[in-house]
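One letter stands for each residue in the lines below.
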Amino acid sequence: MANVSLVIDGVKVEVPQGTTVLEAAKKAGIYVPTLCYDPDLKPYGGCRLCIVEIEKMRGLPVACCTEATSGMVVHTETPAVNQSRRTVMELIMANHKGDCLTCAKNQNCELQKVARYLGIEEGHFGRLRPRTRILPIDDSNPAYVRDMNKCILCGRCWRACHEVTGIDAIEMLNRGDASTVGGLGNLPILLSRCETCGECVARCPTGALVFRESRVVTREVKTTCPYCAVGCQVYLGIRSGEIVSVRGDKEGPANSGHLCVKGRFGVAGFVHHKDRLKKPLIKRNGKFEEASWDEALNLVVLKLKTYKPDEMAVISSAKTTNEDNYVMQKFARVVLSTNNVDHCARLCHAPTVAGLATTFGSGAMTNNFDDFSNAKCILALGTNAPEAHPVLAMKVRQCVRAGAKLIVANPMEVDFVRDADLWIRHKVGTDVALLMGMCRIIYDEGLHDKEFIRERCENFEAFREALKNYPLDWVARITGVDADLIVKAARMYATNSPATILYAMGITQHTHGTDNVMAVADTAMLTGNIGKPGSGVNPLRGQNNVQGACDMGALPNVYTGYQQVADPKAREKFEVAWGVKLNPTPGKTLTEIMPLAHEGKIKAMYLMGENPSLSDADSKHVREAMETLEFFVVQDIFLTETGQYANVVLPATTFAEKDGTFTNTERRVQRVRKAIEPVGESRPDWMITCEIARRLGAKGFDFQGPADIMTEISSLTPSYGGINYKRLEDGSLQWPCPSEDHPGTCILHSEVFARPDGRGRFVPLEYRPSAETPDAEYPLLLTTNRSLFHFHTGTMTRKVKSLNILRKEELVAINPADAAELGVSDGEMVRVISRRGSVTTKVMLTETSPRGTVAMTFHFAESPTNELTNPAFDPVAKIPEYKVSAVRVARAAPASSKEAMISALHRASADSVFRAEVARDAAAALKEYGLNDDERTAVASGDVEKIEPLTGRLDERLRTWFTARLAQAKR
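Attention in this report is confined to the structure presented alongside it. For every chain, the first residue of the written sequence is number 1, and numbering continues from 1 along that sequence. Given that this is a predicted model, residues contribute local features only at a pLDDT of at least 70 and side-chain atom pairs are listed and counted only at 80 or more, while totals for whole chains, interfaces and linings are drawn from all residues. Excluding hydrogens and water, the side-chain figures rest on all heavy atoms present in the structure.

## Details of the side chain of Lys-658
We count it as follows: The helix count covers DSSP runs of H or I at least four residues long, the strand count covers runs of E at least two residues long, and both are numbered beginning at the N terminus. Burial classification: accessible surface area is computed with a 1.4 Å probe over protein chains only, and a residue below 20% of its type maximum counts as buried, one above 50% as exposed, and the rest as partly exposed. Two N or O atoms count as a polar contact when they lie within 3.5 Å, although within protein this holds only if one can serve as hydrogen donor and the other as acceptor, and sequence-adjacent residues are included solely when both atoms are side-chain atoms. Two residues qualify as a contact provided that any one of their heavy atoms is within 4.5 Å of a heavy atom in the partner residue.
As for its position among the elements, Lys-658 is in the loop between strand 24 (648–651) and strand 25 (660–663). The buried category is assigned to Lys-658, whose relative accessible area is 5%. At 2.6 Å, the side chain of Lys-658 and the side chain of Asp-324 are in polar contact. Every residue in contact with Lys-658, bar those within four places of it in the chain, is listed here: Thr-320, Thr-321, Asp-324, Thr-653, Val-672, Arg-673, Lys-674, Pro-684 and Asp-685.

This is how it looks when you write it as structure tokens:
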């Protein structure tokens, strides 16, 4: 792009063509006041403060909307400019209510800054008629407060909601003096579409939008968000040794400064929660007692010495760092001599590793987030990114609004449907039929990329033959999708190249999950949409370090970098490096380990940072397996539901208290940096595991820190060969990065595939129905999903007050037509029953669930959804079929007063104050305890003084709960 040269206040400036005068001035270091400008938003010109004089141009144009041209001469401070700016500021400030000294934005307010620059004082605008209208403060949102009396109508908030997030929760309402910013009907913000991402608050130049909990920080530490696999870069604000703020890093390659509700508001609450484990625990006579580190570690060592390799298993974690996972899998193989090591990737993306390794030779995302902007078509298949990967969803919406086509293939009406050109609502579990049917149409109409297939792929003839089994009428009948819609989708994907495919656990969590992934790969290869910008197959990992934990070899069949345990050459390489003889037999997967524990064949388990008590399918059976273990060590930051079954619990640090790296879903390795000192006596996971190894007499665990561990990882892992902490200080690196002079790889398979012969392999596929389908006894299909406001089993997010308010309990999503047949209403308590168990939860009527399908999350221990899910697993990847379980829904039997009371308390267990809604539920149930109407009214009102004397009339369990909650309410 050509450059243009102009003069601003006598300074010659050269900028790329298309640059605005305001941006040119900023580049030259010349201050031009503005309140509506934001570099992430389109020029608006609303505040009129950035006016300038330009020679040979009439009037006073706004610099943010005026393009710089060659030869332009600009003056930013002239009498006319300054007078006009002061007049504008007088009008703004006359309508701005508030006392600066008491405002949360004081000393950090852009309005103050501009006023000081222009020399505005009280006398300048005191002559103007002040605003008399006082608007109510909206404090409905638990994370931030809106005071529209301080709003200057700059538009940055609603423009960010539209242009950055694509949510459109707020907009400019009314006209003239009645103008304000709000949602539909100008109702409280909590009742709008707001997702509480905080993008509006972060951009507000005044005190109109302020975070509830934020203090001036003494220092900031750059690190990586601990939630989903987008890998957002954040700055943790620290004061007095605590995290007091979180902001996005504008230079973050994955997020460009944007954050979701969990990343912005869900960190400090769990890191500093009172229930953090601070000392080791040993269970004696059925109860946990605090112990010293020496006592706890000596017991672990003593017990582990008594078991044979095949009697032990190690469960690693996608929530912890690469270094933690590397040490853990090395511990299993070197110290315990077992390959029985696995982690939760088995439950989410094991089919990705297996399926893409078969077709492409590498089980990872092929492109990166920024590259999506090059796509002309995006096929979002089995993903609810707006809930599970919100910042990525922002990027996709931006691409769509820039002109890309969006095809959504999902049985649920996910939020992406609002933005879609086509929505395919196929039956759950029919993905292979849908994709192969689309491939049949693409081939029959000659829309496939013949040259790409001929030059870069193999086994196409067998694949083409298999397409004969997918005639359009049959595919339409199996999927439940209109034939014309399938044809439109096939044509749209094939004719808008480059096209990219995004998928998530809606594809993988099936007994045919590996087939689903290979069908995705087949579709991309058929159209040549692989190995080039804007194309690719892009699995969206669920947790922050699923990709990294797999890369580190926390799997039963591979060492780091997917080097096979059964390969003699690979095994010899690690034997030389580690100085031991390694077990040549691949170990058991997580979904095999638990049944073996139930049978008494796995007798001892060492688990780090996972919570299978809630996350594993048929979780009641899993809990029985953990009860059967002879010795169980759990290493975590809280005493989780799983930790309750342990013999020894070891307190670990959070991401904020240690150094390390995470690898996000786009293969991007990023630093995790220690921001605060560990809570209590907690220690980093790698340090704990290394100490156990040393006490067991093992060599090679004397690491001085995570940087040393990464050095060893790099020496053994070709794809990480050029990655070290020194390089990561300068920014992230995407693997493969084989050497220190390699820049990393943005796009995989650009010239050859990672398979031995360099060619992609087509896989002919046969449609197989799900293992369990609805029948007369269990007529509904249960599928699982996630909430925007919680993460995995809630270990972290359920400790955060604001997130618990935004989503406080489990809900079963039921189509209104199904609910009418069942005779249940919105908000009613029901039992959801499968062949494996029964869970009580509350009904949410919604057409987002198709008829015949109900949906639940698995974040809430009070309603353990995975007691219902089917443990039948994919024969290749061994992943359970979470997405398809046959259930029935029944109205909950009338509970006794005591049971109703317990239910009310459970629903409030994560709240930090006595909530009025729960108080009403509790009051209704307290009749059994002899409380009269006046006393129960006191409970319902939450009157602390009147409630306290009543606790003596309750049984011990209720008394304990009430006493704790009343104490919190008083504080």
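Having seen the structure, we can now continue with the description.
## What to know about the sheet that holds strand 17 (residues 405–409)
This is how it is decided: Two strands qualify as a pair provided DSSP detects at least 2 bridges between them. Note on definitions: angles span 0 to 180 degrees between N-to-C directions of axes, and those axes are lines fitted to C-alpha atoms, for helices only across the stretch in contact.
Here we have five strands laid out as an open sheet, ordered 18-17-16-20-21, and parallel in their pairing. Two strands lie at the open edges of the sheet, namely strand 18 (422–424) and strand 21 (537–539), each paired on one side alone. Recorded for the sheet is a direction-independent mean angle of 15 degrees between the axes of neighbouring strands. Bridge count between strand 20 (residues 499–503) and strand 21: three bridges; the pairing is parallel.

## A short note on the sheet that holds strand 1 (residues 3–8)
The four strands lie next to each other as 2-1-4-3, forming an open sheet whose pairing is mixed. A single partner strand is all that each edge strand has here, and the edge strands are strand 2 (11–16) and strand 3 (53–54). Sheet topology places strand 1 next to strand 4 (residues 73–75); two bridges connect them, and they run parallel. Along strand 4, the bridge assignment pairs Val-7 with Val-73.

## Focus: the side chain of Ser-613
Along the chain, Ser-613 falls in helix 24 (residues 612–615). With sequence-adjacent residues up to four places away left out, Ser-613 is seen in contact with Ser-619, Arg-623, Met-626, Glu-641, Thr-642 and Tyr-645.

## Considering the pattern of salt bridges
Side chains that carry opposite charge are capable of pairing whenever their charged atoms lie near each other. Applicable threshold: Salt bridge, as used here, is a side-chain nitrogen of Lys or Arg placed within 4 Å of a carboxyl oxygen of Asp or Glu.
Taken as a whole and judged by the stated rule, the model has 56 salt bridges. In this structure, the salt-bridge partner of Lys-603 is Glu-311, at a minimum N-O distance of 3.3 Å. On the criterion of sequence distance, the pair formed by Lys-603 in the loop between helix 23 (590–598) and strand 22 (604–608) and Glu-311 in the loop between helix 9 (293–304) and strand 14 (312–315) is long-range, its members being 292 residues apart. Note that Asp-775 and Arg-835 form a salt bridge whose closest N and O atoms lie 2.4 Å from each other. Note that Asp-775 is positioned in the loop between strand 28 (760–761) and strand 29 (780–784) and Arg-835 in the loop between strand 31 (829–833) and strand 32 (838–845), a separation of 60 residues in sequence. What emerges from the salt-bridge pattern is a single network uniting Asp-168, Arg-193, Arg-397, Arg-401, Asp-415, Arg-418 and Asp-419.

## Brief notes about the packing of aromatic side chains
Note the following rule: Pairs were defined over the aromatic rings of Phe, Tyr and Trp, the Trp ring being its six-membered one, requiring ring centres within 6.5 Å. Orientation was assigned from the angle between planes: stacked under 30 degrees, edge-to-face over 60, tilted for the rest.
Per the stated rule, a full pass over the model turns up 20 aromatic pairs. With 5.5 Å between their ring centres and 65 degrees between their planes, Phe-211 and Phe-265 make a pair best called edge-to-face. Of this pair, Phe-211 sits in strand 8 (residues 209–211) while Phe-265 is found in helix 7 (residues 261–265), placing the two residues 54 residues apart along the sequence. Look at Phe-265 and you get buried, because its relative accessible area is 15%. An angle of 40 degrees between the planes, with centres 6.3 Å apart, marks the rings of Phe-460 and Phe-463 as tilted.

## Some remarks on the packing of helix 17 (residues 472–479) against helix 18 (residues 483–495)
Selection criterion: Here the word oblique covers every angle except those under 35 degrees (roughly parallel), over 145 (roughly antiparallel) and from 65 to 115 (roughly perpendicular). Each residue is assigned to one of three groups, with Ala, Val, Leu, Ile, Met, Phe, Trp, Tyr, Cys and Pro labelled nonpolar, Asp, Glu, Lys and Arg labelled charged, and all others, Gly among them, labelled polar.
Axis separation between helix 17 and helix 18 bottoms out at 9 Å; the angle between their running directions is 105 degrees. Classed by the angle they form, the pair helix 17 and helix 18 counts as roughly perpendicular. Between helix 17 and helix 18, the residues in contact are Leu-472, Val-475, Ala-476 and Thr-479 and Ala-483, Ile-486 and Val-487, respectively. By residue class, the composition of the contact of helix 17 with helix 18 is six nonpolar, one polar and no charged.

## Digging into the environment of Met-710
For Met-710, the position within the fold is in helix 27 (residues 706–716). As a C-alpha pair, Met-710 and Asn-724 span 14 residues in sequence and 6.3 Å in three-dimensional space. Setting aside residues no more than four positions away along its own chain, Met-710 makes contact with Glu-323, Thr-661, Tyr-720, Ile-723, Asn-724 and Tyr-725.

## Notes on unusual backbone geometry
Residue Pro-498 is bonded to the preceding Ser-497 through a cis peptide linkage, with omega at 5 degrees. Residue Pro-736 is reached from Trp-735 by a cis peptide bond, and omega for that bond is 0 degrees. Tracing the backbone shows Pro-736 in the loop between strand 27 (733–734) and strand 28. With a phi close to 65 degrees, Asn-174 is a non-glycine residue in the positive phi region. Of the residues examined, Asn-174 reaches a relative accessible area of 45% and is grouped as partly exposed. Located in the positive-phi region is Tyr-562, a residue other than glycine, with phi close to 65 degrees. Along the chain, Tyr-562 falls in the loop between helix 21 (546–551) and helix 22 (568–578). The partly exposed category is assigned to Tyr-562, whose relative accessible area is 24%.

Coordinates in, geometry out; function isn't part of it.
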